[in-house]
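Commentary on secondary and tertiary structure
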Amino acid sequence: MKKRTLALLLIAFTMVMAACGGQNGNTKSEAGKGTAEAGLLGEIKANGKIRIGTEGTYPPFTYHDESGKLTGFDVEIAEEIAKRLGVTAEFSEAKWDGMFAGLDAKRFDLVANQVSINDERKKKYDFSDPYSVSKAVLIVHEDNQDVKSFADLKGKKAGQSLTSNLTELAKANGADIVQTDGFNQAIELLVSKRIDATVNDGLSFLDFKKHRPEAKVKVVAEHESASSSGILLRKGEQTLVDALNKALADMKADGTYLTISKKYFNADISK
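My aim in this report is to walk through the structure given alongside it, one point at a time.

What counts as what
- Residues numbered from 1 in each chain as written.
- Predicted model: local features only at pLDDT ≥ 70, side-chain atom pairs only at ≥ 80, totals over all residues.
- Heavy atoms only, no water.
- Helix = DSSP H or I, 4+ residues; strand = E, 2+ residues; numbered from the N terminus.
- Contact = heavy atoms within 4.5 Å.
- Buried < 20%, exposed > 50% of the residue type's maximum accessible area, 1.4 Å probe, protein only.
- Axes fitted to C-alpha atoms, helices over the stretch in contact; angles between N-to-C directions.
- Parallel < 35°, antiparallel > 145°, perpendicular 65-115°, else oblique.
- Left-handed = near helix turned anticlockwise from the far one by under 90°.
- Nonpolar A, V, L, I, M, F, W, Y, C, P; charged D, E, K, R; others polar.
- 1 Å grid on protein atoms, 1.4 Å probe; cavity = no way out; pocket = protein on both sides within 12 Å on 5 of 7 lines; lining within 4 Å.
- Points joined across faces, edges and corners; volume = space filled by probe spheres on them.
- Arc of directions from axis to C-beta.

1. Brief notes about the environment of Tyr257
- If you trace the backbone, Tyr257 turns up in helix H9 (residues 256-265).
- Separated by 184 residues in sequence, Tyr257 and Phe73 have C-alpha atoms that sit 9.9 Å apart.
- Not counting residues within four places of it along the chain, the set of residues in contact with Tyr257 comprises Phe73, Ile77, Tyr131, Ser132, Met251, Lys252, Asp268, Ile269 and Ser270.

In structure tokens:
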């Protein structure tokens, strides 16, 4: 009788343990599923930091100030996003191509460096909502009354960098191209009236006028097409994309975005 009772107790104990084991297994499975669903955003929050690729050589967007500190419009936007995610922004600097390679190799979680949103890039990457918008502008000397539109460039000297797609816009409107090393040289030639105009980036002009408001140059026309930049991510991280978009929307709603934008451009560059 005792043996039978002992056997029954052993059977009951085995069944209870099996049930407990099954419950623990299900709990672990569900927990693992939850972590997987959180994806990269979950990893970022668990690590307490978000890894950001940037150039660090592209003022006023990402550069080093006189003290050597990494700063700039894109840097501050990324830092504010990290703050709203409850983590710390950790920046790694790389050349333009290196940023994409670093993202592909998962050395970065995202890239913040005025990366234009276009269909070709969207085939391979995801983007946040745009956080800056730039248009091509036609810049002339303040004394110039002849050039008032892109069509007026016909037969006029336009200072352009040969590697810039804006040069094609100047050519398409009949300008005679004077080669320059970039925006700053084009502006200096314009100030000294050695050229008639330059077709250049609107954000670069805003930055220039912020630092040199006395320069005798003006924008007389703005091209209808605009280039929007967003935070660049690897595909398949929609939860992180959604979190970035919410952070950006909240920044715009509470005025933080405008404060950062005016600090660098004296304007709202989100539209």
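2. What to know about unusual backbone geometry
- Put simply, Pro59 and Pro60 share a cis peptide bond, and its omega is 5°.
- Within the secondary structure, Pro60 is located in the loop between strand E1 (49-54) and strand E2 (63-64).
- With a phi close to 65°, Lys106 is a non-glycine residue in the positive phi region.
- Counting through the fold element by element, Lys106 comes out in the loop between helix H3 (96-104) and strand E5 (110-116).
- A relative accessible area of 53% means that Lys106 is categorised as exposed.
- Phi is positive for Lys193, close to 60°, though the residue is something other than glycine.
- For Lys193, the position within the fold is in the loop between helix H6 (183-191) and strand E10 (198-201).
- Classification of Lys193 by relative accessible area gives exposed; the value is 51%.

3. Some words on the packing of helix H2 (residues 73-85) against H9
- Two numbers describe how H2 lies on H9: the axes approach to 10 Å, and their chain directions differ by 160°. The angle between H2 and H9 places the two elements in the roughly antiparallel class. Between H2 and H9 lies a crossing of right-handed hand. Contacts from Phe73, Glu76, Ile77, Glu80 and Arg84 in H2 reach Thr256, Tyr257, Ile260, Ser261, Lys263, Tyr264 and Phe265 in H9.
- In terms of residue class, the contact of H2 with H9 is made up of 6 nonpolar, 2 polar and 4 charged.

4. Section: the packing of helix H7 (residues 202-211) against H9
- Between H7 and H9, the least distance of the axes is 8 Å, while the angle of their chain directions is 70°. Comparing their axes, H9 and H7 come out roughly perpendicular. The residues of H9 that touch H7, namely those facing Leu203, Leu206, Asp207 and Lys210, are Lys262, Lys263, Tyr264 and Phe265.
- A per-class count over the contact of H7 with H9 returns 4 nonpolar, no polar and 4 charged.

5. What about empty space enclosed by the protein?
- Applying the stated criterion to the full structure yields 1 cavity of 30 Å³ or more.
- Its volume calculated, the largest cavity comes out at about 40 Å³.
- Taken together, Ile50, Ile52, Ala78, Ile81, Leu110, Ile231 and Leu244 make up the full set of residues lining the largest cavity.
- Within the residue set of the lining of the largest cavity, elements represented by two or more residues are E1 and H2.
- In terms of residue class, the lining of the largest cavity is made up of 7 nonpolar, no polar and no charged.

6. Concerning H3
- Listing the buried residues of H3 in full gives Met99, Phe100, Gly102 and Leu103. One side of H3 holds all its buried residues, which, seen down the axis, span an arc of 160°.
- Where H3 ends, the next residue or the one after it, Lys106, has phi of about 65°, a positive value.

7. Considering the layout of surface pockets
- Looking at the largest pocket, its volume works out to about 1,100 Å³.
- Along its surface, the largest pocket is lined by 41 residues, and Tyr58, Leu166, Asn200, Asp201 and Ser204 are the ones closest to its centre.
- Those elements giving two or more residues to the lining of the largest pocket turn out to be E5, strand E7 (132-141), strand E8 (157-160), helix H5 (166-172), H6, E10, H7 and strand E11 (217-234).
- Classifying every residue of the lining of the largest pocket by side-chain character gives 15 nonpolar, 20 polar and 6 charged.
- Estimates place the volume of the second largest pocket at around 200 Å³.
- Lining of the second largest pocket is provided by 13 residues; of these, Val133, Lys135, Gly202, Leu206 and Glu222 occupy positions nearest its centre.
- At the level of secondary structure, the elements contributing two or more residues to the lining of the second largest pocket comprise E7, H7 and E11.

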